[in-house]
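Structure assessment
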Amino acid sequence: MNSVDRYLPGRVERAVSGIEDLGAEAVLISKQENVIYLSDFKSSNCFVLLTGKENYIITDFRYIEAAGNNKAGLTPVLIDRVFTVFDFINKLGIKSLAVEEDDISYNFYKMMCSKFKGILKSADGLVEKLRIIKDEYEMECLRKAEAIGDLAFTHLQGYVKAGMTEKEVAFELEYFMRTNGADCLSFDSIVVSGSRSSLPHGMPSDKKIEQGDFITLDYGCKIGGYCSDMTRNLLLGEPTKEQEDVYNIVKEAQQKSLEAVFTGKSVVDIDMTARDIIKYYGYGEYFGHGLGHGVGLEIHEAPTLGPKGTETLSPGMAVTIEPGIYLPGKFGVRIEDLVLVTESGYEVLSSSNKDLIII
Ligand SMILES: [Mn+2]
């Protein structure tokens, strides 16, 4: 991880350059992932205040020493229950402030209205817009995290046996990824088998894995704060004709939509590539979610690949391609890769086999 700088300069400057468009004098960044993105500093109580002239990292006693070491040139400010973030903003004489309205709670908003003397505005995805394009360090984290996911899938092919519960498999998956260098999980692993595999986001249960079950494994881990995300399926025993057919349709839709990833392509068109194939085979109504999503510090971030998406792909975006077919009461299949959009096409970060794997 030392080959690329952990904190690449320019992020704070790029965010500051967007303040004027918000019609505000300053921006208060409160969303944890946005604070991390700008400062490379993680805490449970921290704000970044951007004014352009001077930019601040605001936190309490527990974190103030660490915050003072931030590499982004942010001036540390100590707050407590008496001298709050609002008091500090008022002290600076700021008259209009943009806030992250998707992040702050109603309670925080009420306090803000009563304590802050100026006009409130929306920060409207200021930092999220920057985060959508990954830099070299971020790409390296994503590659490493996804590589651990690949190792885990190989491991599980030899591990999963009839009679194990979904929870047992989920625990082994987590243990394996942590043992192999993961900082933590990207999200609670999805391990669903048999008729439960038709639940796209089902949680692992005490159900035992049986002969004839499809097992859907959707999981990821974090490296340097960046999430991986992949989905594969295992089949215990010989497939029925329907299981084989559905698997091959999902595989074809996944491969064709992957090949549709290139710079300048609209997210709606990529989604449509997979959707049209699944519809053609008569399973359109069983693919009820979007084709994919951006991945980075958050497991789900911009851009959204779906019928209602608005973006077009640009180099440096990290997106998932994950079509699925879910037959209620029977079984489900989803195949998901994490992909980096490049100048000339795409780089698939997951290298695990996508053929129907029978264990
Ligand atoms: Mn996903």
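Residues numbered from 1 in each chain as written. Predicted model: local features only at pLDDT ≥ 70, side-chain atom pairs only at ≥ 80, totals over all residues. Heavy atoms only, no water.

This brings us to the overall build of the protein. For the protein, the count of helices and strands is 10 helices and 19 strands. Here the C-alpha atoms of the protein give a radius of gyration of 23 Å, agreeing with the 21 Å that 2.2 N^0.38 yields for 359 residues. Counting only C-alpha atoms, the protein reaches 70 × 40 × 40 Å along its principal axes. Per-residue burial over the protein gives 55% buried out of 359 residues. (Helix = DSSP H or I, 4+ residues; strand = E, 2+ residues; numbered from the N terminus. Rg over C-alpha atoms; globule rule 2.2 N^0.38 Å. Buried < 20%, exposed > 50% of the residue type's maximum accessible area, 1.4 Å probe, protein only.)

With that out of the way, let us pick up the pattern of salt bridges. All told, the structure shown has 23 salt bridges when counted by the stated rule. One continuous salt-bridge network, built from bridges that share partners, spans Lys-31, Glu-128, Arg-131, Lys-134, Glu-298 and Glu-301. (Salt bridge = Lys/Arg side-chain N within 4 Å of Asp/Glu carboxyl O.)

Bringing the sheet that holds strand 2 (residues 46-50) into the picture now. The 6 strands lie next to each other as 4-3-2-1-5-6, forming an open sheet whose pairing is mixed. The open sheet has two edge strands with one neighbour each: strand 4 (75-78) and strand 6 (119-122). Neighbour-to-neighbour, the strand axes of this sheet turn through a mean angle of 25°, independent of strand direction. Of the strand pairs in this sheet, strand 1 (residues 26-29) and strand 5 (residues 96-99) are connected by 3 bridges, and their pairing is parallel. Bridging from a neighbouring strand, Leu-28 pairs with Val-99 of strand 5. Most of the contacts of helix 2 (residues 32-39) go to strand 2, to which it runs at about 60°, and overall it touches strand 1, strand 2 and strand 3 (55-59). Of the strands in this sheet, strand 1, strand 2, strand 5 and strand 6 are in contact with helix 5 (residues 106-115), which crosses strand 6 at around 145°. (Pairing = 2+ DSSP bridges. Axes fitted to C-alpha atoms, helices over the stretch in contact; angles between N-to-C directions. Contact = heavy atoms within 4.5 Å.)

Moving on, we get to the sheet that holds strand 7 (residues 184-185). In spatial order, the strands read 7-10-11; together these 3 strands make up an open sheet with antiparallel pairing. A strand with exactly one partner marks an edge of an open sheet, and here the two such strands are strand 7 and strand 11 (226-227). Pairing of strand 10 (residues 221-223) with strand 11, which is carried by 2 bridges, proceeds in the antiparallel orientation. Pairing of Ile-223 across the sheet is with Tyr-226, part of strand 11.

For the rest of this paragraph, the subject is the state of the cysteines. Structurally, a disulfide amounts to a covalent bond that connects the sulfur atoms of two cysteines. As enumerated under the stated definition, the model contains 0 disulfides in all. With no disulfide of its own, Cys-46 lies 19 Å from the sulfur of Cys-184, the closest cysteine sulfur. We classify Cys-46 as buried; its relative accessible area is 7%. With no disulfide of its own, Cys-221 lies 8.2 Å from the sulfur of Cys-184, the closest cysteine sulfur. By relative accessible area, which is 0% here, Cys-221 ends up buried. (Disulfide = S-S within 2.5 Å.)

Close contact between helix 9 (residues 241-259) and helix 10 (residues 267-280) brings their axes to 8 Å; oriented N to C, the two are set at 155°. Comparing their axes, helix 10 and helix 9 come out roughly antiparallel. Seen along the crossing, helix 9 lies across helix 10 with a hand that is right-handed. Taken together, the residues of helix 10 that come into contact with helix 9 (itself represented by Ile-249, Glu-252, Ala-253, Lys-256 and Ser-257) are Ile-270, Thr-273, Ala-274, Ile-277 and Ile-278. Of the residues assigned to the contact of helix 9 with helix 10, the class counts are 6 nonpolar, 2 polar and 2 charged. (Parallel < 35°, antiparallel > 145°, perpendicular 65-115°, else oblique. Left-handed = near helix turned anticlockwise from the far one by under 90°. Nonpolar A, V, L, I, M, F, W, Y, C, P; charged D, E, K, R; others polar.)

Along the chain, Thr-84 turns up in the loop between strand 4 and helix 4 (85-91). Apart from the residues lying within four places of it in its own chain, the contact partners of Thr-84 are Ile-79 and Lys-115.

Below, the discussion takes up the pairing of strand 1. Judged by which residues are buried, strand 1 turns out to be covered on both faces: Ala-26 and Leu-28 on one side and Val-27 and Ile-29 on the other are all buried. Bridge analysis of strand 1 against strand 2 gives 3 bridges, and the strand direction is antiparallel. Pairing of Val-27 across the sheet is with Leu-50, part of strand 2.

A few words now on the domain arrangement of the protein. For the protein, the assigned domains are domain 1 (11-131) and domain 2 (136-348). Summed over both partners, the interface of domain 1 with domain 2 buries about 530 Å², with 43% contributed by carbon and sulfur atoms. Among the residues of domain 1 in contact with domain 2, Arg-11, Glu-33 and Arg-131 are the three that bury the most area, contributing 64% of the side total. Where domain 1 packs against domain 2, one counts 4 salt bridges. The closest approach of N and O atoms between Glu-301 and Arg-131, which form a salt bridge, is 2.7 Å. Considered class by class, the residues forming the side of domain 1 that touches domain 2 number 2 nonpolar, no polar and 4 charged. (Domains from an automatic or database assignment. Buried area = accessible area lost by both parts, 1.4 Å probe.)

What follows concerns unusual backbone geometry. In this structure, Pro-303 follows Ala-302 across a cis peptide bond, with omega equal to 0°. Here Pro-303 is to be found in strand 14 (residues 301-305). Of note, Asp-40 is a non-glycine position whose phi angle comes to about 60°, a positive value. Mapped onto the fold, Asp-40 is located in the loop between helix 2 and strand 2.

Distances from the manganese ion to its protein donors, Asp-229 (OD), His-293 (NE2), Glu-322 (OE) and Glu-336 (OE), fall within 2.1 to 2.3 Å. The sequence pattern describing where the donors of the manganese ion fall on their chain is D-x63-H-x28-E-x13-E. Taken as a pair, Asp-229 in the loop between strand 11 and strand 12 (230-235) and Glu-336 in the loop between strand 17 (331-334) and strand 18 (337-341) lie far apart in primary sequence, 107 residues in all. Taken individually, Asp-229 and Glu-336 each receive the classification buried, so the pair is uniform in this respect. (Donors = N, O, S within 2.8 Å, 3.2 Å for Na, K, Ca; no water.)

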